[in-house]
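Here's the letter readout for the chains.
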Amino acid sequence: MRRSLIGAAAALTLVVLAGTESAAPAAVPHHHGSSVAGTYSTGADHAWQPAPTVSPDAPADTTVVVDPSSARQKYSGIGFSLDETSVSNLWKLTPAKREEAVRLLVDPKTGAGLNRFRLTIGSPDLIEHLPFWSEDDLPAGVTDDFQVKHFSIQRDIDLHIVDTIKLIQRYNPKATFFASAWSAPAWMKTNNRFTGEVALKPGSTTDYYQVGKLRDDCIDVFARYYVKFVQAYARHGIRVDALTLLNEPGMDVVYPAMDIDVAQQQKLALAIKKALHKAGLNTGLYVHDFNFWDWRDPNSTATKNYYRIFDDAPDGSVTGRQVLNATDAVAFHPYWGDPKVMRDAFEQTGKPVHMTETSDLSAATILNYFRLDASSYVLWAQATDQDGGTLHWTPARDNNVDWDEVAATTKWPDRLVKVNTTTRGIVEAPTISQCVI
């Protein structure tokens, strides 16, 4: 059953990725003696519907022709984030159960074959163990580190993030990894604070903005910080094939976050590419890494309209063409806005688009996003304990939040893997239907 589901979904994905503007119900070739079921859509505006179950002995009433010369986007994978909370829960399992869970998730022959994974550069917005951290936190008495001498991924090692990646690589050697930062180290920011800091917009009692911005004199050093991360992981046999510019820039939250406006995004994109080239690295760069709504929304005056990163800078310092040349993809999150902007971005820029963070396990959503030109689909924070986790995450706009109280009350149930911390076993083992691959 597991393999037939994988085979059917894989074939269906092929149609989605290689198809033209519309597709019809397809009879999927399969091995003799089994039947094949699937879903289909006749276009981006149409819901996915069940296709008739097909027996290999029955005559096919539909033929799908794939034309390689008109291929659409390149498929990069489906997977999940290796955030500190998820990794922490995996390491509450016994070694045998941990291997079983990872195998079920990533093994392409006996498991789901998940193969695209998101790393975090320093602490993300969701962690189990305080404090939040960057990869260049300074010792007492030191106020800056423009040479990035204090950079270290030791926290990543101590928290078993590197060990988990190695385990994934054992069961799926073709797995690939990209990375995102939620904030620059505190000393690179205008407010010298790694976690977010919010303030009300002038004249408003409900709308906030992110106070902490990247210092203009730290754009180049932040780029070198990224390069240091790629190099540090490479020394452990882990290739980071892409970086996102910044996770959700300007998000008005108090967990780790930072603002980089369009002008800084342009300069940072060029600085990252320059630093990668100088280091002899061909690591890709994804811009945006935020919601559909924040890329473009013609019906709103509040959207950040980050598509403007490809416009010429008003002061003439950067051209849109330079930024476009430095960009390898546009990354999206699905929490606000119309997913059709993925197709718009793909067609307007000629760059791949990626779904780099989502919690939607619906097969219809996954297939629809690929239909809208996404090249990958990556889930966020998919391992928890039987109680929904110990999570230092909050939507509250409170600069003096009590993080211990947050941990006692914030729970995220119904993730892909659920761990029983008493028995050190799997309460809910990952299944192919959950993974939708």
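Source: prediction; values computed, not measured. (Residues numbered from 1 in each chain as written. Predicted model: local features only at pLDDT ≥ 70, side-chain atom pairs only at ≥ 80, totals over all residues. Heavy atoms only, no water.)

Q: An account of the side chain of aspartate 156 is requested, with residue identities and associated values reported.
A: Mapping aspartate 156 onto the fold places it in helix H4 (residues 154–158). The side chain of aspartate 156 sits in the buried core without any salt bridge; arginine 155 is the nearest counter-charge, 7.5 Å away. The contact partners of aspartate 156, leaving out residues within four places of it in the chain, are Thr120, Trp133, Glu135, Ile161, Val162, Phe229 and Tyr233. (Helix = DSSP H or I, 4+ residues; strand = E, 2+ residues; numbered from the N terminus. Buried < 20%, exposed > 50% of the residue type's maximum accessible area, 1.4 Å probe, protein only. Lys, Arg positive; Asp, Glu negative; His and termini not counted. Salt bridge = Lys/Arg side-chain N within 4 Å of Asp/Glu carboxyl O. Contact = heavy atoms within 4.5 Å.)

Q: Can you tell me about the pairing of strand S12 (residues 374–379), naming the residues and giving the values?
A: Burial analysis of S12 places 6 of its 6 residues in the buried class, the great majority of the element. When strand S3 (residues 77–81) meets S12, the two strands line up parallel, connected through 4 bridges. Note on S12: the bridge partner recorded for phenylalanine 80 is leucine 379. Here strand S11 (residues 353–358) runs beside S12; their pairing, made up of 3 bridges, is parallel. Note that in S12 the partner of threonine 358 across the bridge is leucine 379. A crossover links S11 with its parallel partner S12, the connecting element being helix H11 (residues 363–371), and its sense is right-handed. (Pairing = 2+ DSSP bridges. Right-handed = clockwise from strand over helix to strand, strands pointing away.)

Q: Quick rundown of the sheet that holds strand S5 (residues 176–181)? Include the residues and the values.
A: Taken in spatial order, the 8 strands close into a barrel running S3-S4-S5-S8-S9-S10-S11-S12, and their pairing is parallel. Strand-to-strand twist of the sheet, defined as the mean angle between neighbouring strand axes without regard to direction, takes the value 30°. Sheet strands in contact with helix H10 (residues 340–349) are strand S10 (329–333), S11 and S12, and its direction is about 145° off that of S11. (Axes fitted to C-alpha atoms, helices over the stretch in contact; angles between N-to-C directions.)

Q: Quick rundown of the packing of helix H6 (residues 219–234) against helix H7 (residues 262–278)? Include the residues and the values.
A: Direction vectors running N to C along H6 and H7 enclose 45°, while the axes themselves pass 8 Å from each other. Put simply, H6 runs oblique to H7. H7 is crossed by H6, and the crossing has right-handed handedness. Residue-level contacts link Ile219, Asp220, Phe222, Ala223, Tyr226 and Val227 of H6 to Gln264, Lys267, Leu268, Ala271, Ile272, Ala275 and Leu276 of H7. For the contact of H6 with H7, the per-class residue count stands at 10 nonpolar, 1 polar and 2 charged. (Parallel < 35°, antiparallel > 145°, perpendicular 65-115°, else oblique. Left-handed = near helix turned anticlockwise from the far one by under 90°. Nonpolar A, V, L, I, M, F, W, Y, C, P; charged D, E, K, R; others polar.)

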